[in-house]
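Next come the chains, spelled out residue by residue.
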There are 2 protein chains.
Amino acid sequence: MVTIIEEKVQQAQALLESLDLDCWLTFVRETVSLADPALPLILGQHLTWQSALIITRKGERIAIVGNFDADAVKTVGVWNEIIPYTEGVSGPLRETLGRLDPRQVAVNYSRDDIMADGLTHGMYLLLTDYLKDTPYLRRLVPADAICGALRGCKTPGEVQRIRAAIAATEQILEQVSRFARVGRTEIDVAQFVKGLVSDRKLELAWEPKQCPIVNTGPDSMIGHGIPAELKIEPGHLFHIDFGVRQEDYCADLQRMWYVPRAGETKPPERTCRAFDTVRKAIEAAKAALRPGVECWEVDAAARKVVVDAGYPEYGHGTGHQVGRAAHDGGGILGPKWERYGKTPYRKVESGNVFTLELGVMVEGHGYVGLEDMVLVTADGCEYLSHPQTELCLLGA
Amino acid sequence: MVTIIEEKVQQAQALLESLDLDCWLTFVRETVSLADPALPLILGQHLTWQSALIITRKGERIAIVGNFDADAVKTVGVWNEIIPYTEGVSGPLRETLGRLDPRQVAVNYSRDDIMADGLTHGMYLLLTDYLKDTPYLRRLVPADAICGALRGCKTPGEVQRIRAAIAATEQILEQVSRFARVGRTEIDVAQFVKGLVSDRKLELAWEPKQCPIVNTGPDSMIGHGIPAELKIEPGHLFHIDFGVRQEDYCADLQRMWYVPRAGETKPPERTCRAFDTVRKAIEAAKAALRPGVECWEVDAAARKVVVDAGYPEYGHGTGHQVGRAAHDGGGILGPKWERYGKTPYRKVESGNVFTLELGVMVEGHGYVGLEDMVLVTADGCEYLSHPQTELCLLGA
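Residues numbered from 1 in each chain as written. Chains lettered and ligands numbered in written order. Predicted model: local features only at pLDDT ≥ 70, side-chain atom pairs only at ≥ 80, totals over all residues. Heavy atoms only, no water.

## Digging into the sheet that holds strand 6 (residues 140–142) of chain A
Residue and element names in this part refer to chain A. How we decide: Paired strands, in this sense, are two strands between which DSSP finds at least two bridges. The helix count covers DSSP runs of H or I at least four residues long, the strand count covers runs of E at least two residues long, and both are numbered beginning at the N terminus. Here the axes come from fitting lines to C-alpha atoms, over the contacting stretch only for helices, and the angles between their N-to-C directions go from 0 to 180 degrees. Any two residues whose heavy atoms approach within 4.5 Å are treated as being in contact.
Spatial ordering of the open sheet is given by 4-3-2-1-5-6, a layout of six strands whose pairing is mixed. Looking at the sheet topology across the chains shown, the edges are occupied by strand 4 (81–85) and strand 6. Pairwise comparison of adjacent strand axes, ignoring direction, gives a mean angle of 25 degrees for this sheet. Pairing geometry for strand 1 (residues 23–28) and strand 5 (residues 105–107), over two bridges, is parallel. From the neighbouring strand, tryptophan 24 faces strand 5, where its bridge partner is alanine 106. Where helix 1 (residues 4–19) meets the sheet, it contacts strand 1, strand 2 (51–56) and strand 3 (61–66), and its direction lies at approximately 60 degrees from that of strand 2.

Right, here's the structure in full:
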């Protein structure tokens, strides 16, 4: 069976070919403390000393690593040539580049794409020191296109794992709908969810302090908030933003309910209207999402629905990629704001997995937010999750 | 009660004063995927959008963060001024620097110190873009001295937590000495250890794949190795390198035993001689370790004992700092090899916590390796762990 790491290394070689680049260098050290996001894709374990992982368009796969890391790198099975060193990486690195003589050496930095920016500034300076007096100093180029496509275009094996993470997340959210009720707090619900994740021996898809995010009522901490001692009360909108990581791949979904007051058999009109608007905005994004469109166009389609309905613009993008990380880098379905850099101008590609997410506040009730996940196909996209189509009553 | 984060932020301000620096800027984004190692010291949680954390010698503590992160940053309690933004960090950042008008803006990069090198190259380029046309572009300086001392000089609260992590690690190693026996494999022992860590609701101090490292006999994978299906057999040296993380602080220890053959009541002479040499070398390092010496001097003292006894030099440094990470950066007690950069030339400081570790191979039996932890005091150092002084028999 081909491992996902083998799939990704093969994909990297094909990307070098299609991008007309000769050589990709991932240059790292002590990755337990600061891991280049590219590393899990092509190695799947940590390195201690300064290490150079080189993939070429011709198919060379060369790992120059500290002597104590060499055996562990061998066990990965994708690196054909492992060059261990004791005193310093620079000699073998210069020698290897001299032998390959690539026209470009792509290294992992990017102003915009967080997941293509694993080279630290100190390591960049070290690399330029090591390559001083070689022709390769002037052949360094950013590897953002490689990193972006390698991470963003999911292989079949990756999509399968993402589907499994979504299924597990949806099952847990189903249990939340029965656990959450009047009198329980945001923290109670968060602990319940964490318990289920731990029982299933899964991981949380993002920082435990903020996974799940649980919001009840109008006074809750929206956004990247931390669950509080706020109690679920009648009249609240109850909202959860949550995902698990299963076999290294993540899900990221939002679901919500209305908590009925005595005698209420359906949610108030204002909350339904907000829900329908959010639902329609997500559907508008989904309709716009297909290979070749620029990411900001998808955001604009959803944003227009919200603004046209008279709600204030939401202060975040309409979607991000998901994969090994809940926020998986690459193109972002966001507006052309400074903080997104050039990522909204990227073109959507087949194989991308995005969230579609947004929300609005309803005064006196709380936050209406939904988030689903979609896979970009050859000519559009399809839901990976099962969208919530109705604002249901909690405890109903 | 003063939190450790408050202790560290106060320490940072004092360091700016003593280093004659006006301002320290930690500039990060999406820290779940790539976290500047300084962040846990001064914030203790993650940030999603581009964020600027500024500490000045005058005592300002300013966090410019994305609007959805602001509430969570408030809960930390150490940031006096929180400036949330929606579209981009650059405006508020330039404005804030203009108001503070610092003579230097120290940012987190270092060729040598992994833990002072949290700024990625892409983020460095972004920062220079944002500061273009301001005087602060030319006032950027590396913050390696701040990061190194802040991380390296442990507060009383930090030392207390490290002691607790060591105590838990020693208790688990004690249980290993009863579990490990002839017929069990390296993997069996590793799983037993992981089970104990999980039962105690602790974390492993480094990557689970290589924590613990378990070595039995002469054919095992030494160094940063992965436990294998190798069985413990009579005549083996059995060795384990392990530590837990408890309340965010780590331990890192090595212990070992000899597995007696039928009729043997003590280890063979050759293994005892190796053990004594390793023990003496560690004691020599301990005797040399005090504030003001350069790190390489401590390594040289230990290395000399091993070489004088006729063993080959070990291919790694004699010690590293320990704290929030098992490999905690700063000065390294290592030889003047390229891969250690300038870290062996750093001066030892009071409050540093180091490992002292080294080993030799004994042909036909396996690896003799020991590792202890010490705290540098005003005029020397003291053991934090309880050193192993004798090569005991496994199962005895």
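## With respect to the domain arrangement of chain A
Residues and elements named next belong to chain A. What counts here: Boundaries between domains were set according to an automatic or database domain assignment. The term buried area means the drop in 1.4 Å probe accessible area that two parts suffer when joined, counted for both and summed. Any Lys or Arg side-chain nitrogen found within 4 Å of a carboxyl oxygen on Asp or Glu counts as a salt bridge. Pairs of N or O atoms are called polar contacts if they sit within 3.5 Å, as long as, within protein, a hydrogen donor faces a hydrogen acceptor (for residues adjacent in sequence, only side-chain-to-side-chain pairs). Under the scheme applied here, ten amino acids are nonpolar (Ala, Val, Leu, Ile, Met, Phe, Trp, Tyr, Cys and Pro), four are charged (Asp, Glu, Lys and Arg), and all others, including Gly, are polar.
Structurally, chain A comprises domain 1 (4–152) and domain 2 (156–393). One C-alpha centre belongs to domain 1, the other to domain 2; they are set 35 Å apart. Counting residues at the interface gives 14 residues for domain 1 and 19 residues for domain 2. Summed over both sides, the interface between domain 1 and domain 2 buries roughly 1300 Å², with carbon and sulfur atoms accounting for 47% of that surface. For domain 1, the biggest contributors to the area lost against domain 2 are Ile4, Asp112 and Gly152; these three give 40% of the whole. In this assembly, domain 1 and domain 2 are joined by three salt bridges. In this structure, glutamate 158 and lysine 8 form a salt bridge, with 2.6 Å as the shortest nitrogen-oxygen distance. Connecting domain 1 to domain 2 are five residue pairs in polar contact (both at pLDDT 80 or more). For the side of domain 1 that touches domain 2, the secondary structure elements donating two or more residues are helix 1, helix 2 (39–42) and helix 6 (144–152). Sort the elements by how many residues they give to the side of domain 1 that touches domain 2 and helix 6 lands first, with five residues. Split by residue class, the side of domain 1 that touches domain 2 holds six nonpolar, two polar and six charged.

## Quick notes on the pairing of strand 8 (residues 213–216) of chain A
All names here are of chain A. In plain terms, the rule: For every residue, the accessible area obtained with a 1.4 Å probe (protein chains only) is divided by the maximum for its type, and the residue is called buried under 20%, exposed over 50%, and partly exposed between those limits.
Because side chains alternate across strand 8, one face comprises the buried residues Ile213 and Asn215, and the other comprises Val214 and Thr216, equally buried. Pairing of strand 8 with strand 9 (residues 237–242), which is carried by four bridges, proceeds in the antiparallel orientation. Opposite valine 214, over in strand 9, you have isoleucine 240 as the bridge partner.

## Some points on the sheet that holds strand 10 (residues 244–246) of chain A
Pairing is antiparallel across the open sheet formed by three strands, whose spatial order is 7-10-11 (chain A). Among the strands making up the open sheet, the edge pair consists of strand 7 (203–204) and strand 11 (249–250) of chain A.

## Quick word on the pattern of salt bridges
Pairing between side chains of opposite charge can happen when their charged atoms approach one another. Residue and element names in this part refer to chain B. Within the structure shown, the criterion is met by 48 salt bridges over all chains. Between arginine 279 and glutamate 283 there is a salt bridge, with its nearest N and O atoms 3.2 Å apart. Remark: glutamate 283 and arginine 279 occur in helix 9 (residues 269–288); sequence separation between them is four residues, near one turn of the helix. Residues glutamate 313 and arginine 303 are paired through a salt bridge, measuring 2.9 Å at the closest nitrogen-oxygen approach.

## Looking at the interface of chain B and chain A
Contact residues are listed per partner, giving 61 residues for chain B and 61 residues for chain A. Of all residues in chain B, the largest losses of buried area upon contact with chain A belong to B:Phe68, B:Arg111 and B:Arg339, amounting jointly to 15% of the total for that side. The tally of links from chain B across to chain A stands at four salt bridges. Of the charged contacts in the structure, one is a salt bridge between A:Asp129 and B:Arg111, with a shortest N-O distance of 2.6 Å. Mapped onto the side of chain B that touches chain A, the elements with two or more residues apiece are helix 3 (70–76) and helix 5 (121–131) of chain B.

## Examining the relation of the copies chain B and chain A
Rules: A least-squares superposition brings the copies together, and it is based on the C-alpha atoms of residues with pLDDT no lower than 70 in both.
Each copy of the sequence occupies a distinct position, and chain B is placed on chain A by a rotation of 180 degrees and an axial shift of 0.0 Å, giving an RMSD of 0.0 Å. One copy is carried onto the other by what is essentially a two-fold rotation axis. Taken together, the interface assignments show that 100% of the residues at the interface of chain B recur at the interface of chain A, consistent with an identical surface on both copies.

## Considerations on the pairing of strand 1 (residues 23–28) of chain B
Successive side chains on a regular strand alternate, one facing one side of the sheet and the next facing the other. All names here are of chain B. Burial analysis of strand 1 places six of its six residues in the buried class, the great majority of the element. Here strand 1 shows two buried faces, one formed by Cys23, Leu25 and Phe27 and the other by Trp24, Thr26 and Val28. Where strand 1 meets strand 5 (residues 105–107), three bridges bridge the pair, whose relative direction is parallel. Directly across from leucine 25, in strand 5, lies its bridge partner valine 107. Here strand 1 runs beside strand 2 (residues 51–56); their pairing, made up of six bridges, is antiparallel. Looking at strand 2, one finds that tryptophan 24 is bridged to isoleucine 55.

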